[in-house]
Amino acid sequence: MRFPARRAVVAGLGLALLAACGKKPEAAGSSWDRIKASGSLRIGLEGTYPPFNFQDKAGQLAGFEVDFAKALAAQLGLKAEFSPAPFAGLLGALESGRIDVVINQITITPDRQAKYDFSEPYTVSGIQIIKLKDRLGLEKPEDLAGKKVGVGLGTNYEQWIRANVPTADVRSYDDDPTKYQDLKAGRIDVVLNDRLVAADFVKSSPEFVASGPPFAAQGAGVAMKKDPGLKVVIDQAINALRADGKLAAISQQWFGQDVTH
């Protein structure tokens, strides 16, 4: 299921033209100066969230967001430096200055926008219910009332279910494997996750199924500390990757479709 993109307004025609030409970005009076001088873009991500970011058989980071982050850094004239951490600690690492940005399917929400700046969305998705294949029903959000629902700690899925289905018994987890173990064992009824993650996951886990249509359309952006100058630079680089087809090509490689708008 495709969702309409939530387009960010590009800050001025001049920036759009620069992006389309693929020119290196410039921004004064922001942390961009420090990042540019360092030669590296420090990127926070889980490294355990396939197909977005994970360790391959050789123990190397791989996935859509890893390739996107490398392309983004290269567009900025920088080297991508990855700092894997549990999801619940990523924004804390950003706040403390240990990393420059988070690229980890961070959903753009009003609450998060009050604390952080976000790039324009680089993926557009929705929430998907995942259940055991032989379990009947549980296809719509309203079906989750009174049910045990597994979600990642601190994720948009946790926030959404608590706000929209207050009678659900919400169980939060620090990692993905544990919640799926509990789902398989019957300790929880469903798991909520990204529809793109779910589609990839059920291919290799036939005991589970993506149930019903995705809901609550959501865009994921590059998260950074409040810094308008840096946001302009990041948006400009993403626009350049979109204009020359690199962003769509990375999406096609990992999803077989363009999920970036």
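> Whenever I open this one, the overall build of the protein confuses me. Can you help?
Counting its secondary structure elements, the protein contains 10 helices and 13 strands. Across the 261 residues of the protein, 50% fall into the buried class. In the protein, once contacts between residues fewer than 6 apart in sequence are set aside, the share between residues at least 24 apart is 71%. Accessible area of the protein: about 11,500 Å², with a carbon and sulfur share of 55%.

> Hey, could you run me through empty space enclosed by the protein in this one?
Rolling a probe over the atoms, with the probe sized like a water molecule, indicates the empty space that remains. What the rule picks out here adds up to one cavity of 30 Å³ or more. Estimates place the volume of the largest cavity at around 230 Å³. Lining the largest cavity are 22 residues, and of these Glu46, Tyr49, Phe87, Gly152 and Thr155 lie nearest its centre. Of all the secondary-structure elements, those providing two or more residues to the lining of the largest cavity are helix H4 (87-96), helix H6 (156-164), helix H7 (176-185) and strand S11 (190-194). Broken down by class, the residue content of the lining of the largest cavity amounts to nine nonpolar, seven polar and six charged.

> Explanation requested: the sheet that holds strand S10 (residues 169-173) in the structure shown.
Two orientations exist for strands paired in a sheet by backbone hydrogen bonds: parallel and antiparallel. Strand order in the open sheet formed by five strands is S10-S9-S11-S8-S12, and the pairing between neighbours is mixed. Pairing within the sheet leaves two strands with one partner each, and these edge strands are S10 and strand S12 (208-220). Between one strand axis and the next, the sheet turns by 25° as a mean value, whatever way the strands run. Alignment of strand S9 (residues 148-152) against S10, held across five bridges, turns out to be parallel. For Val149, the partnering residue across the bridge sits in S10 and is Val170. Docked against the sheet, H6 engages strand S8 (123-132), S9, S10, S11 and S12, running at close to 145° with respect to S9. This element, helix H8 (residues 195-204), spans S8, S11 and S12 of the sheet and lies at about 45° to S8.

> It is not clear to me how H8 should be interpreted in this structure. Could you clarify?
Since the α-helix packs 3.6 residues into each turn, any two residues three or four apart lie on the same face. If you check which residues of H8 are buried, you get Arg195, Leu196, Val197, Ala198 and Phe201. For H8, the secondary structure elements touched by its buried residues are strand S2 (48-49), S8, H7, S11, S12 and helix H10 (246-255). Looking at where H8 begins, the residue whose side-chain oxygen comes 2.7 Å from the main-chain nitrogen of Leu196 is Asp194.

> For this particular structure, what's the right way to read the nonpolar core?
Core analysis: the largest hydrophobic core is formed by 48 residues, its most contacted members being Leu72, Ile161, Leu192 and Val222. Contacts of Val222, omitting those with residues within four sequence positions, involve Phe68, Leu72, Val101, Val102, Ile103, Asp117, Phe118, Ser119, Tyr122, Ile234 and Ile238. Membership of the second largest hydrophobic core comes to 12 residues, among which are Leu91, Leu94, Ile106 and Ala223.

> Is there a simple way to think about H10 in this case?
Regarding H10, the residues found buried are Leu247, Ile250, Ser251 and Phe255. Along the axis of H10, the buried residues cluster in a sector spanning 105°; they form a single face. The inward-facing, buried residues of H10 contact helix H3 (64-75), H8 and helix H9 (228-243).

> Help me out: how do you make sense of unusual backbone geometry in this one?
In most cases, non-glycine residues show a negative phi, while peptide bonds are predominantly trans. Across the junction of Pro50 and Pro51, the peptide omega takes the value 5°, indicating a cis bond. Mapping Pro51 onto the fold places it in the loop between S2 and strand S3 (53-55). The phi dihedral of Leu138 is positive, around 55°, even though this residue is not glycine. Inspection of the secondary structure puts Leu138 in the loop between S8 and S9. Taking relative accessible area as the criterion, Leu138 reaches 5% and is therefore assigned buried.

> So what exactly am I meant to see when it comes to the layout of surface pockets here?
Of the pockets and cavities examined, the largest pocket occupies roughly 290 Å³. Lining the largest pocket are 13 residues, and of these Thr48, Pro50, Asp176, Pro177 and Phe201 sit closest to its centre. Contributing elements (two or more residues each) for the lining of the largest pocket: S3, H7 and H8. A per-element tally of the lining of the largest pocket places H8 first, with four residues. Split by residue class, the lining of the largest pocket holds six nonpolar, four polar and three charged.

> What should I look at first to understand the environment of Leu153 in this one?
Along the chain, Leu153 turns up in the loop between S9 and H6. For Leu153, a relative accessible area of 32% puts it in the partly exposed group. A sequence separation of 64 residues divides Leu153 from Gly89, and the C-alpha atoms of the two residues are 10.0 Å apart. Discounting chain neighbours no more than four positions away, the residues touching Leu153 are Phe87, Ala88, Glu158, Ser172, Tyr173 and Asp174.

The rules behind the values
- Residues numbered from 1 in each chain as written.
- Predicted model: local features only at pLDDT ≥ 70, side-chain atom pairs only at ≥ 80, totals over all residues.
- Heavy atoms only, no water.
- Helix = DSSP H or I, 4+ residues; strand = E, 2+ residues; numbered from the N terminus.
- Buried < 20%, exposed > 50% of the residue type's maximum accessible area, 1.4 Å probe, protein only.
- Contact = heavy atoms within 4.5 Å.
- Areas by Shrake-Rupley, 256 points an atom, 1.4 Å probe, with all protein chains shown as cover.
- 1 Å grid on protein atoms, 1.4 Å probe; cavity = no way out; pocket = protein on both sides within 12 Å on 5 of 7 lines; lining within 4 Å.
- Points joined across faces, edges and corners; volume = space filled by probe spheres on them.
- Nonpolar A, V, L, I, M, F, W, Y, C, P; charged D, E, K, R; others polar.
- Pairing = 2+ DSSP bridges.
- Axes fitted to C-alpha atoms, helices over the stretch in contact; angles between N-to-C directions.
- Polar contact = N/O pair within 3.5 Å; in protein donor to acceptor, adjacent residues only side chain to side chain.
- Core = buried A, V, L, I, M, F, W, Y, C linked by side-chain atoms within 4.5 Å.
- Arc of directions from axis to C-beta.

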